[in-house]
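What follows is the residue order along each chain.
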Amino acid sequence: MDDPAEPRADRHPPVGGGPDGTGGRPATTVGEPGRPPSIDALARSLAGTGLPHPVLVEVAREAVAAGDAASAAARADERSRRLLRPVVNATGVLLHTNMGRAPLGHTQPEGYTNLELDLTSGERGSRHDHVGALLATACGAQAAIVVNNGAAAVLLALAALARDRDVVVSRGELVEIGGGFRIPEVMATSGCRLVEVGTTNRTRLADVRAAVDAPQADVAVLLKVHQSNYRITGFTEAVGVAELAAVGPPVVVDLGSGLLDAACPWLADGPPAWLRSEPAVRQTLAAGADLVVISGDKLLGGPQAGVIAGSPELVARCAAHPLARALRPGGLVLGALQEVALAYLRRDAGALPFWRMATLDTDTLQRRAQTIVDSLATAAPAPTTDRAAEVVRCASVTGGGTLPGIEIPSVGVAVPGDRRTILRSGRPPIVARVEDGRTVCDLRTVDPAHDEALVDALARALADPGGS
Ligand SMILES: *Cc1c(COP(=O)(O)O)cnc(C)c1O
């Protein structure tokens, strides 16, 4: 993977001289003894970090202002760690919001694209023509457009279809999705009027009908929000999509998590057991939804994006709304999402890192874990067995506000104590989790190409006396 944010070892030795960049090399003495060092000279002494000079000047200024010129190297290292860079996700959380949710599997070639150029006519085309149509085919929709994220897709759909009109939604679905995305607030922002029906645990078709038939009602949309990150259990009742579709107004379903098809035709073995109760776009449309809104970087496994799929007339109204221009994705996102859509249509889960990782069998993970533990034993024999690495069974989760409470059996490597800080300080940084007093690296979310880096990092962590 070519990563512009990662200084290449051959060009830029990491800060601190050590392989992990944490060595804390003392700042070169610059200037005359007893006099404050020249900012410029101090900055130039840090050139080996690979950070550009203006950034190093800032770092040098901060260090000198703090009366601690010697801290400049450590500050430069800290600054370089803030750059966006690839990390190894050993948490077992497949869609980790802090690590960009779905793992990226696409690299963009340099140069121009036909983003808004119709190559047949030579006229201006639409950026929605490429990937929207492919995604629509993949989920059985007649049309689809792509926007910046799932939240933007909900906002746009409501603004385009229901501004100054009523939107009926169950009280059991007036939820916060995460990151402060609250359905009632998005509805208010879109300019529609929220009409709540039912109760937190039970909403019946009669509640919806009563709201639609009320004397002053002007219902533009029946909104259904998928309980993606929570569950209401016990004495519950909800109105299904097919029942809603029979009421009259267009039904918009915010599915969020973005499973395209419950049959998972892109997986050779069909849907895994842990996916059993997750609603999918194809089946929701088939049940009568007019529009379905999903996120691009959850179970779809793509880049950050939002998709609005369904009736061509309603999708066109969304695309024509002025907000569509403000919420449109760039060519990088559309390029990545097109790869995702093509992989689904080819039924090639191997090209979708999220699905590849989610469906790895535990035997394969077990073998990798054993190889890692064996290499660690050879590379750095533990002084005592209680400091040794071991293979452990663990549980991965999809995360990212999807499939709450559902675990996927997995296998990892555990080392005693909390070694998260030293693992994060490596290159590439490794993000692990702590369970029962030991650090667990769940291999499901680790690309096998990083297993060797994991061995090196764990060997260093085990050798570090301050680790546990
Ligand atoms: C995640 C989610 C959203 C928001 O999608 P983003 O892509 O994170 O903006 C909206 N609705 C539901 C039901 C979700 O699960």
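Provided above is the structure to which this section pertains.
Within each chain, residue numbers correspond to sequence positions counted from 1 in written order. Restriction of local features to residues with pLDDT of at least 70 applies here, the model being predicted, together with a cutoff of 80 or more for giving and counting side-chain atom pairs; totals for whole chains, interfaces and linings are based on all residues. No hydrogens and no water enter the side-chain calculation; it runs on all heavy atoms of the structure.

Draft legend 1. Fine view of the nonpolar core. We call a set of buried residues a nonpolar core when its members are Ala, Val, Leu, Ile, Met, Phe, Trp, Tyr or Cys and they connect through side-chain atoms within 4.5 Å of each other. A 1.4 Å probe rolled over the protein chains alone gives each residue an accessible area, and that area as a share of the maximum for its type sets the label: buried under 20%, exposed over 50%, partly exposed in between. Ranked by internal contacts, the top residues of the largest apolar core, which has 57 residues, are Leu260, Trp266, Tyr344 and Trp355. The element contributing the most residues to this core is helix H12 (residues 331-345), with six residues. Residue contacts follow a heavy-atom distance rule, with two residues in contact if any of their heavy atoms lie within 4.5 Å. What Trp355 contacts, discounting residues up to four positions off in sequence, is Leu259, Trp266, Leu267, Trp274, Leu275, Leu299, Leu300, Tyr344 and Ala349. In this structure, Leu156, Ala162, Cys192 and Val225 belong to the second largest nonpolar core, which totals 35 residues. Numbering of helices and strands runs from the N terminus, with a helix taken as a DSSP run of H or I at least four residues long and a strand as a DSSP run of E at least two residues long.

Draft legend 2. Representation of the environment of Gly417 within the structure. Looking at the secondary structure, you find Gly417 in the loop between strand S11 (408-416) and helix H15 (420-424). Judged by relative accessible area, Gly417 falls into the buried class, the value being 11%. Each C-alpha atom of the pair Gly417 and Glu435 lies 9.2 Å from the other, and the pair is 18 residues apart in sequence.

Draft legend 3. Looking closely at the packing of aromatic side chains. Pairing of aromatic side chains requires ring centres within 6.5 Å, counting the rings of Phe and Tyr and the six-membered ring of Trp. Pairs whose planes differ by under 30 degrees are stacked, by over 60 edge-to-face, and all others tilted. Going through the model one piece at a time under the given rule, you end up with four aromatic pairs. Consider the rings of Trp266 and Tyr344, whose centres lie 4.7 Å apart with planes at 85 degrees: the pair is edge-to-face. Separated by 78 residues along the polypeptide, Trp266 in the loop between strand S7 (251-256) and helix H9 (281-286) and Tyr344 in helix H12 bring together distant segments of the chain. The same class applies to Trp266 as to Tyr344, namely buried. On the numbers, 5.0 Å between centres and 75 degrees between planes, the contact of Phe354 with Trp355 is edge-to-face. Each member of the pair, Phe354 as well as Trp355, is classed as buried. Aromatic rings pair up to connect Trp266, Trp274, Tyr344, Phe354 and Trp355 into one cluster. When the NZ atom of lysine or the CZ atom of arginine is within 6 Å of a ring's centre and also within 35 degrees of its normal, the charge is said to sit over that ring. The ring of Phe235 carries the charged tip of Arg202 above its face, separated from the ring centre by 3.8 Å.

Draft legend 4. Spatial organisation of the sheet that holds strand S5 (residues 193-197). Spatially, the seven strands line up as an open sheet ordered S3-S9-S8-S7-S6-S4-S5, and their pairing is mixed. Looking along the sheet, the strands with just one partner apiece sit at the ends: strand S3 (143-147) and S5. Within the sheet, the average angular offset between the axes of one strand and its neighbour, ignoring direction, is 25 degrees. We call two strands paired when DSSP finds no fewer than two bridges between them. Across five bridges, strand S8 (residues 291-295) lies against strand S9 (residues 306-310) in antiparallel orientation. Bridging from a neighbouring strand, Leu291 pairs with Gly310 of S9. Geometry is summarised by axes, namely lines fitted to C-alpha atoms with helices restricted to the contacting stretch, and by angles between N-to-C directions that run from 0 to 180 degrees. With respect to the sheet, helix H5 (residues 150-162) is in contact with S3, strand S4 (166-170), strand S6 (219-225), S7, S8 and S9, its orientation differing from that of S8 by roughly 155 degrees.

Draft legend 5. Broad picture of the layout of surface pockets. Counted as a void, the second largest pocket has a volume near 500 Å³. Grid points spaced at 1 Å and placed over the protein atoms alone form the basis of the search, with a cavity being a set where a 1.4 Å probe fits but cannot get out and a pocket an open set showing protein on both sides within 12 Å along at least five of seven lines. Lining residues have an atom within 4 Å of a point. Along the wall of the second largest pocket there are 31 residues; nearest its centre are Glu173, Lys224, Val225, Gln227 and Ala238. Going through the elements one at a time, S4, S6, helix H8 (241-245) and S7 are the ones with two or more residues in the lining of the second largest pocket. With four residues, the single largest contributor to the lining of the second largest pocket is S6. Polarity classes work like this: nonpolar for Ala, Val, Leu, Ile, Met, Phe, Trp, Tyr, Cys and Pro, charged for Asp, Glu, Lys and Arg, and polar for all others, with Gly in that last group. A per-class count over the lining of the second largest pocket returns 15 nonpolar, eleven polar and five charged. Grid points are joined across faces, edges and corners, and a volume is the space filled by probe spheres set on the points.

Draft legend 6. Inspection of the pairing of strand S10 (residues 390-399) at higher detail. Examined bridge by bridge, strand S2 (residues 93-95) and S10 share two bridges and lie parallel to one another. Opposite Val93, over in S10, you have Val397 as the bridge partner.

Draft legend 7. Structural view of the site of the ligand. Here, proximity means that at least one heavy atom of the residue falls within 4 Å of the molecule or strand. In the vicinity of the ligand, the contacting residues are Arg101, Asn149, Gly150, Ala151, Ile177, Phe181, His226, Ser228, Asp254, Gly256, Ser295 and Lys298. Here an oxygen atom of the ligand sits 2.9 Å away from a polar atom, N or O, in the side chain of Arg101. Contacts to the ligand include Lys298, whose side-chain N or O atom sits 2.7 Å from an oxygen atom. Put simply, the parts of the chain that give the shell around the ligand at least two residues each are H5 and S7. Within the shell around the ligand, the residues separate by chemical class into three nonpolar, six polar and three charged. What qualifies as a polar contact is a pair of N or O atoms within 3.5 Å, subject to a donor-acceptor requirement within protein and to the restriction that residues adjacent in sequence count only when both atoms come from side chains.

Shape is all these values report; function is a separate question.
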